[in-house]
Each structure stands twice: as C-alpha cells, then as structure tokens.
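# A closer look at the structure
So the chains spell out like this:
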Amino acid sequence: MFSLYGKLKRKMVFLNEIGYNIFLILHIISVVAGLGAVTVTDYLHLTGIRHRNLEMKLIPIYPLLGKFIIYTVFFIVLTGTVLVFNKPSLISSHLFQLKIFLFFIIIANGVVLHKKVAKALDRCIIDNTTKHCTNQVFFISALCGSISIVTWYSILILSMTKTYGYSVLNFISFYIPTILLIFVIAFYTEKYRLSKCRKKK
C-alpha cells in the first residue's frame, strides 16, 4: 500500500514538472514574441525615417504591433505568475527581483509610448513639418524607444544567463550605459527627420 502511494506521489510530481515546464515554455515564447514585435517596430520606424513613402504606409501597422505587444505582456504576466506560484523560491533571488523590476519598467514605458509618443510621431509623419517634428518629440521618442528595446533584451538575457554568477550591480553597470548608447544613436537618427523637415519648410 505504501509502495503504491509512493508511485502515485512520484507520478503527481512528474505531472507537476510537466505542467511547470509547459508554462515555462509558454513564458519564454511570450517573451521572445514580445521582443520580436518590439524589434520589428523599431526596425520599421528607423527604416521609415529614411523612406517617407514607406513610413506613411506603415502608420496603420504600428497600432497592430502595439496590440500584439500588449497581448504578449499579458501572457508573460499570466505564465510568470503561475511559475512563481509553483516555485516561490524564485522570489528570494535578487536577479529575479531585478527581472520583475525591469518588467514594470517595460509596462510604464509602454504606457508612455502608446499614450503620448505614438500620437506625436503620427502627427509628425503625417504633417512632416517643424510644428510637429520637434526636438522634444524626437527626444522622448528616442528615450522611450531605447528603454523599451534594451529592457526587453535585458529580460531575455537575464532569463538565459541567470546561472552565470553575476550580481545585480554588475548587470545594471551594463544596462544603463547601453540605454544611453542606444539613446544617442536613436536621437541623432531621429534628428535626421527634423533636418529634412526644416529643409522642406
């Protein structure tokens, strides 16, 4: 009887492990899908800066990509909650806490991108004048875009390299300079549009 109980218990653990691995795979797929959508959005935007006719055609696509990113965030939260519920020891990990913090940055930054930056950029793309294509618009766009792409990749890197033995401080020492570097590149790329606008004025 005890041996039968032991076998059933082992099977239950095995099934739990299967369920955990399924949610882990779904969690990873959600992160990769979200990262892919963010990367495509940034690539299309940077490409559109140099090709105005293409960018005009891309305006209806950006909201679709934005919605897709929101869905991936929802699935990340859902699957992540299930994983933490089944493995509470994750909460004690400083790198896991950093990952959660970065995820909240993505959410807050995403709200700013969709509520303010996207609308301002749409007006700039459609009107294409200095009235809407201002330094402030490009500054916020470049900053939010840099935070978004770097933070998404940071979460993926944290998930894949958490056993490498680095500290939270080590990670942040690379995270912040990377954001600054990408911001400088993005800002001056955006400024290229502003120079075009001023020439046409």
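Only a predicted model underlies this, so the values are computations on that prediction, with no experimental measurement involved.

### Considering the overall build of the protein
What the protein contains, in helices and strands, is 6 helices and 0 strands. Relative to its full complement of 201 residues, the protein shows a buried share of 37%. Contacts spanning at least 24 positions in sequence make up 84% of the contacts within the protein whose residues lie at least 6 apart. A total accessible area of about 12900 Å² is found for the protein, and carbon and sulfur atoms account for 73% of it.

### As for a nonpolar patch on the surface
A surface patch of nonpolar side chains, amounting to about 500 Å² of accessible area, comprises I18, I22, F23, I25, L26 and I29. The topology assignment puts I22 in helix α1 (residues 2-50). Classification of I22 as partly exposed rests on a relative accessible area of 45%.

### A short note on the side chain of T72
Its location among the elements puts T72 in helix α3 (residues 61-86). With a relative accessible area of 5%, T72 lands in the buried category. The residues touching T72, leaving out its near neighbours within four places in the chain, are S30, A33, G34 and W152.

### Observations concerning the confidence of the model for the protein
Here the protein averages 78 in pLDDT, and 76% of its residues register 70 or above. Least confident of the elements in the protein is helix α2 (residues 52-58), whose mean pLDDT is 67; most confident is α3, at 87. Predicted confidence for residues 11-15 stays below pLDDT 50, and this span has 0 contacts to residues more than four positions away or in other chains.

### Section: the environment of I172
Position of I172 among the secondary structure elements: in helix α6 (residues 168-200). Residues contacting I172, with those up to four places away along its chain left out, are L98 and P177.

### Points about the environment of F75
Turning to its location among the elements, F75 is positioned in helix α3. The partly exposed category is assigned to F75, whose relative accessible area is 42%. Remark: the alpha-carbon pair of F75 and H27, spanning 48 residues in sequence, is separated by 7.1 Å. In this structure, F75 is in contact with S30 and G80, ignoring residues within four places of it in sequence.

### Things to note about the layout of surface pockets
For the largest pocket, the calculated volume is near 990 Å³. Residue assignment for the lining of the largest pocket shows that the elements contributing at least two residues are α1, α3, α4 (94-127), α5 (135-161) and α6. Among the elements that take part in the lining of the largest pocket, α4 stands out by supplying 13 residues, more than any other. Across the lining of the largest pocket, the residue classes break down as 22 nonpolar, 11 polar and 6 charged. Estimates place the volume of the second largest pocket at around 720 Å³. Every residue lining the second largest pocket is counted, 27 residues in all, and those nearest its centre are H27, L90, F96, K99 and I100. Ranked by residue count, the leading element in the lining of the second largest pocket is α4, at 7 residues. Counted by class, the lining of the second largest pocket contains 19 nonpolar, 5 polar and 3 charged residues.

### A look at the side chain of S30
By the secondary structure assignment, S30 is in helix α1. The exposure class assigned to S30 is buried, which follows from its relative accessible area of 10%.

### Concerning the nonpolar core
Counting 22 residues, the largest nonpolar core has I69, L102, W152, L158, F171 and Y175 as its most contacted members. Secondary-structure elements contributing two or more residues to this core are α1, α3, α4, α5 and α6. Sort the elements by how many residues they give to this core and α5 lands first, with 7 residues. The contact partners of L158, leaving out residues within four places of it in the chain, are L95, L98, K99, L102, Y166 and F171. Core analysis: the second largest hydrophobic core is formed by 11 residues, L121, A142, C144 and A186 among them.

Scoring rules and cut-offs
- Residues numbered from 1 in each chain as written.
- Predicted model: local features only at pLDDT ≥ 70, side-chain atom pairs only at ≥ 80, totals over all residues.
- Heavy atoms only, no water.
- Helix = DSSP H or I, 4+ residues; strand = E, 2+ residues; numbered from the N terminus.
- Buried < 20%, exposed > 50% of the residue type's maximum accessible area, 1.4 Å probe, protein only.
- Contact = heavy atoms within 4.5 Å.
- Areas by Shrake-Rupley, 256 points an atom, 1.4 Å probe, with all protein chains shown as cover.
- Patch = residues over 30% accessible without salt bridge, like charges linked within 9 Å, V, L, I, M, F, W, Y side chains within 5 Å.
- Salt bridge = Lys/Arg side-chain N within 4 Å of Asp/Glu carboxyl O.
- pLDDT = per-residue confidence, 0-100.
- 1 Å grid on protein atoms, 1.4 Å probe; cavity = no way out; pocket = protein on both sides within 12 Å on 5 of 7 lines; lining within 4 Å.
- Points joined across faces, edges and corners; volume = space filled by probe spheres on them.
- Nonpolar A, V, L, I, M, F, W, Y, C, P; charged D, E, K, R; others polar.
- Core = buried A, V, L, I, M, F, W, Y, C linked by side-chain atoms within 4.5 Å.

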